[in-house]
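Below are the chains, spelled out letter by letter.
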Amino acid sequence: MTTTLDPATMSTRIGVARLLPAQPALSWADHLRRLGHVPLQVASELAEMASAAGLVGRGGAAFPTGRKMTAVAGNASRRRPAVVVANCCEGDPTASKDAVLLANSPHLVIDGAVLAAAAVGADKVILAVHRGSATTGALRTALAERPAEGIEFSIVGVPARFVASEATALVRYLNTGDARPAGRTSVIWESGVQGRPTLVDNAETLAQLALIARFGASWFRAVGTAAEPGTLLVTVGGAVGVPGVVEVAGGTPLRTILTAAQWTPTRAGVPAWALIGGLAGCWVDLNRAAETGFSAAELGAIGGTKGVASIVVLPAGGCVLTETARILQYLADAGARQCGPCMFGLPAIAEDMAALAGGDRSAVARLGRRLPVIDKRGGCGHPDGAVALAASALRALRGPEAVHLDGHLRHGPCRSPAPVVPLGHENSLRSGTR
Ligand code: SF4
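Residue positions are given per chain, counting from 1 as you read along its sequence in written order. Whole-chain, interface and lining totals are the exception, using all residues; otherwise, since this is a predicted model, local features are given only for residues with pLDDT of at least 70 and side-chain atom pairs are given and counted only at 80 or more. Hydrogen atoms and water are omitted, and side-chain values are computed over all heavy atoms in the structure.

Looking at this structure, I do not really get the pattern of salt bridges. What am I missing?
As a working rule, side chains carrying opposite charge can pair if their charged atoms are close by. Any carboxyl oxygen of Asp or Glu within 4 Å of a side-chain nitrogen of Lys or Arg constitutes a salt bridge here. The tally for this structure, following the rule as stated, stands at 21 salt bridges. R33 is the partner of D30 in a salt bridge, and the nearest nitrogen-oxygen pair spans 2.5 Å. Here D30 and its partner R33 are both found in helix 1 (residues 28-35), three residues apart, which amounts to about one turn of the helix. Judged by relative accessible area, R33 falls into the exposed class, the value being 63%. Each helix is a run of H or I in the DSSP string that is no shorter than four residues. Each strand is a run of E no shorter than two, and both are numbered from the N terminus. For every residue, the accessible area obtained with a 1.4 Å probe (protein chains only) is divided by the maximum for its type, and the residue is called buried under 20%, exposed over 50%, and partly exposed between those limits.

Put into structure tokens, the structure is as follows:
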């Protein structure tokens, strides 16, 4: 059933309500009542505060925010001021956390961008959104209400393609209109938008930064784990009673997050598959891993990843092979096809996975040969994510689930329920059952 983003109902907090207010704080007056003015006086120490807080990027790459700010600030000067790009695009269709954050508290994200600009020596903030998304209106209204802040703001609509909001692709788009990644060697903190040092941070990261500036690093670390402090936003969709975005402390067990979304566990011994971390994520059997904490360390220990912090639960009988084949085809179509792994590798593994789902035994060996050849060979990380997902699907079908794979190999595709992993850039919560 299709739902639309309703800021008041699509968000839940589990014991912590930092980013997501109890009621949407849309107006400048409501925002000031809740959090007060932007504390610009701490801008010169903000990178250090972010490092002390242990803040890492919430867009998927988890790069230390303080380190990134220091690098940009070190390259900026009065003659060549930096640029801040607030990435509000959310390229992975399984994630809606930034959309919900912006729909609930747009000023908090803008505060973070203003503070980051002051901290790195930027005179320009670009709010990058997917072209035509509802987020544009929320940001435009918020900007119109704020007092003059001595910074040039603009909102730029970016093509709603999977790789178009990767940091180097964003910068390339802003410079040339070409929204393809510029590759691993592109050094945007030295020379990014208009050749100026550029800080690209995800919307949630900026909102966290605005809270750290107000309340300090110790406050930030008061929840979460020592290695992964603070809260984070997690998008939960698929076969749950209440799909939405939950704010949780780092390390919160999957079971707690899923209970908030009214997940019903399957019978003992029957796998309950979930895709965790986005389209470049991994498959996890919730019946075996429900006590795993939502942190990079704990998910990594079971072969998973936090990725874009999304969880898509398959319905009972949902088929990992069929879903993976769809996703790989989507990722192959989404690639910019500038380099070999993207142009040839992704379509080949998508075809192999579809063949495997159709009962072609030889596809297992082909995938076994191809995945290592593609991994880490692309100009950007796009093919690596597809490889990780394919490898995770093959792992998921070992052990007790081997019988499921055997069914595909003997009889072709199974009679699984309709796929639920959202593809394309519709709101990911539309796949839910609300
Ligand atoms: S891997 Fe694909 S998306 Fe990444 S740089 Fe190469 S062509 Fe572009």
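Would you take a moment to explain the state of the cysteines for this structure?
Where two cysteines share a covalent bond between their sulfur atoms, that bond is called a disulfide. Throughout, disulfides are identified as pairs of cysteine sulfur atoms within 2.5 Å of each other. In this structure the tally under the stated criterion is zero disulfides. Free cysteine: C414, not disulfide-bonded; nearest cysteine sulfur from C319 at 3.6 Å. Under the relative-accessibility criterion, C414 is labelled partly exposed at 29%.

Help me understand the pairing of strand 3 (residues 122-130) in this model?
Remember that side chains alternate between the two faces of the sheet whenever the strand is regular. For strand 3, a buried count of eight out of nine residues is recorded, marking the element as mostly surrounded by other parts of the structure. As judged from the six bridges shared by strand 2 (residues 82-87) and strand 3, these two strands associate in the parallel manner. Paired with N87 across the bridge in strand 3 is A128. In this scheme, strands are said to pair when DSSP sees at least two bridges between them. By the bridge criterion, seven bridges tie strand 3 to strand 4 (residues 152-158) in an arrangement that is parallel. Bridge pairing in strand 4 links K124 to E152. Assignment of crossover handedness uses the view with strands pointing away from the viewer, where a clockwise path from the first strand over the helix to the second indicates a right-handed crossover. Handedness of the crossover joining strand 3 and strand 4 through helix 6 (residues 135-145): right-handed.

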